[in-house]
Amino acid sequence: MNGQSLIAIALTGPAIVVASATATPPVRPEISAVAAPAELSYGAALAVTGRVVNAGQGVGGASLALQADPYPFRGYSTVARLTTGPDGSFAFAGVKPNRNTRLRVLAEGSPAASSPALPVIVDPVAAINAASLGPGQVRLSLRLRHTPVVRSASVNAWWFVAARGTRVFRLAAVTPTRELSPGLSYASATIDPPSKRFSYRVCLNPTWERAMGAPASHRACPRKDFAVARSAG
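Our next topic: the sheet that holds strand S18 (residues 226-227). Reading across the sheet, the four strands line up as S17-S13-S14-S18 and stay open at both edges, with antiparallel pairing between neighbours. Each having just a single partner strand, strand S17 (198-204) and S18 make up the two edges of the open sheet.

Following this line, the structure appears as structure tokens:
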């Protein structure tokens, strides 16, 4: 043949498919934590204990940070570090907050994880005393240990007395407080007691009041006589 035959040849080969692999994100560990006691006196210590688990199994050797956000609650900062035990357990001991504080435990690895916030209430420590100065004169005094961080200006202390067997406390004196040293306030009053045996109460609203104690204790002091319920003690 003079003509040319055209031969079509189809070339086929193995198909090459490039698939984008999606990485499985790491499972976030879970941190359970408890602060005990959750309410304590100024100067006392608490412990934060708990466990880190991942898919129900304890995570040993995990790096943890204990963080604190003290009143007025402007942010967390790290106050202690440790690693978990083989079963994922941990214990931060000897923690001494000096005012109401929120605590949390943070896992510093990847992915990061945090425990729920643990609110802690810190109560001031009061020491009261009554000393006889002779017939018709008794000096009542109060020493109050509290956080030195929040400003402590002089305020009025309201002194109330009640004769033994009565429930009515009568206003006996109003005197100013003064700070003997940072974190130590003092007040005193000299009164004519209503009877040989009597009870007394003193009330003040210090400038650092909201930094310490339970919110329910933040009430304005009475300005006049008052009666207490029989169950009040």
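It is worth spelling out the pairing of strand S15 (residues 178-181) at this point. Note that S15 and strand S16 (residues 184-191) share three bridges and pair antiparallel. Looking at S16, one finds that Glu 179 is bridged to Ser 185. In this antiparallel pair of consecutive strands, S15 and S16, the connection spans two residues, and Gly 183 shows a positive phi of 90°.

What follows concerns the layout of surface pockets. Reported here for the largest pocket is a volume of approximately 520 Å³. Contributing to the lining of the largest pocket are 19 residues, with Cys 203, Leu 204, Glu 209, Ser 217 and His 218 lying nearest its centre. Elements with a minimum of two residues in the lining of the largest pocket: strand S12 (137-145) and S17. If one sorts the elements of the lining of the largest pocket by residue count, S17 sits on top with three residues.

In terms of nonpolar packing, the biggest core is built from 38 residues, with Val 48, Phe 90, Val 105 and Trp 159 touching the most fellow members. The biggest single contributor to this core is S12, with four residues. Setting aside residues no more than four positions away along its own chain, Phe 90 makes contact with Ile 31, Ser 32, Ala 33, Val 48, Thr 49, Gly 50, Arg 51, Val 52, Leu 64, Leu 82, Thr 84 and Val 105. Grouped together as the second largest cluster of nonpolar side chains are six residues, Phe 160, Ala 162, Phe 169 and Val 228 included.

Let us now look at the environment of Thr 207. You can see Thr 207 is positioned in the loop between S17 and S18. Residue Thr 207 is classed as partly exposed on the basis of its relative accessible area of 37%. Once the C-alpha coordinates of Thr 207 and Ser 152 are considered, the two residues, 55 residues apart in sequence, prove to be 5.6 Å apart. Contacts of Thr 207, omitting those with residues within four sequence positions, involve Val 150, Arg 151, Ser 152, Ala 153 and Val 155. In this structure the side chain of Thr 207 is engaged in a polar contact, spanning 2.5 Å, whose partner is the backbone oxygen of Arg 151. Of the polar contacts made by the side chain of Thr 207, one reaches the backbone nitrogen of Ala 153; its length is 3.2 Å.

In this section: the packing of aromatic side chains. Counting across every chain of the model gives five aromatic pairs. Between Phe 160 and Phe 226, the aromatic rings sit 5.0 Å apart at their centres with planes inclined by 70°, giving edge-to-face as the arrangement. With a gap of 66 residues between them, Phe 160 in strand S13 (residues 156-163) and Phe 226 in strand S18 connect regions that are remote in the sequence. By relative accessible area, which is 1% here, Phe 160 ends up buried.

Moving on, we get to the sheet that holds S12. Strand order in the open sheet made by the four strands is S11-S12-S16-S15, with antiparallel pairing throughout. Sheet topology places strand S11 (125-134) and S15 at the edges, where each strand pairs with a single neighbour. For this sheet the average axis-to-axis angle between neighbouring strands, irrespective of direction, equals 25°. Sheet topology note: the S12/S16 ladder contains eight bridges and is antiparallel. Residue pairing for S16: Leu 144 is matched across the bridge by Ser 185.

The residue Thr 177 is located in the loop between strand S14 (168-176) and S15 in this model. With near-sequence residues (within four places) excluded, Thr 177 lies in contact with Ala 153, Ser 154, Val 155, Ala 157, Tyr 186, Ala 187 and Leu 204.

Before going further, it helps to spend a moment on the pattern of salt bridges. Taken as a whole and judged by the stated rule, the model has three salt bridges. The salt bridge partner of Arg 81 is Glu 108, with a shortest N-O separation of 3.1 Å. Of this pair, Arg 81 sits in strand S6 (residues 77-83) while Glu 108 sits in the loop between strand S8 (101-107) and strand S9 (113-114), and the two are 27 residues apart along the sequence. Glu 108 sits in the partly exposed class, given a relative accessible area of 38%. Here Asp 225 and Arg 170 are joined by a salt bridge, their closest N and O atoms 3.1 Å apart. With Asp 225 in the loop between S17 and S18 and Arg 170 in strand S14, this residue pair connects regions lying 55 residues apart in the sequence.

Reading the values: rules and limits
Residues numbered from 1 in each chain as written. Predicted model: local features only at pLDDT ≥ 70, side-chain atom pairs only at ≥ 80, totals over all residues. Heavy atoms only, no water. Pairing = 2+ DSSP bridges. Helix = DSSP H or I, 4+ residues; strand = E, 2+ residues; numbered from the N terminus. 1 Å grid on protein atoms, 1.4 Å probe; cavity = no way out; pocket = protein on both sides within 12 Å on 5 of 7 lines; lining within 4 Å. Points joined across faces, edges and corners; volume = space filled by probe spheres on them. Core = buried A, V, L, I, M, F, W, Y, C linked by side-chain atoms within 4.5 Å. Buried < 20%, exposed > 50% of the residue type's maximum accessible area, 1.4 Å probe, protein only. Contact = heavy atoms within 4.5 Å. Polar contact = N/O pair within 3.5 Å; in protein donor to acceptor, adjacent residues only side chain to side chain. Phe/Tyr/Trp six-rings, centres within 6.5 Å; stacked < 30°, edge-to-face > 60°. Axes fitted to C-alpha atoms, helices over the stretch in contact; angles between N-to-C directions. Salt bridge = Lys/Arg side-chain N within 4 Å of Asp/Glu carboxyl O.

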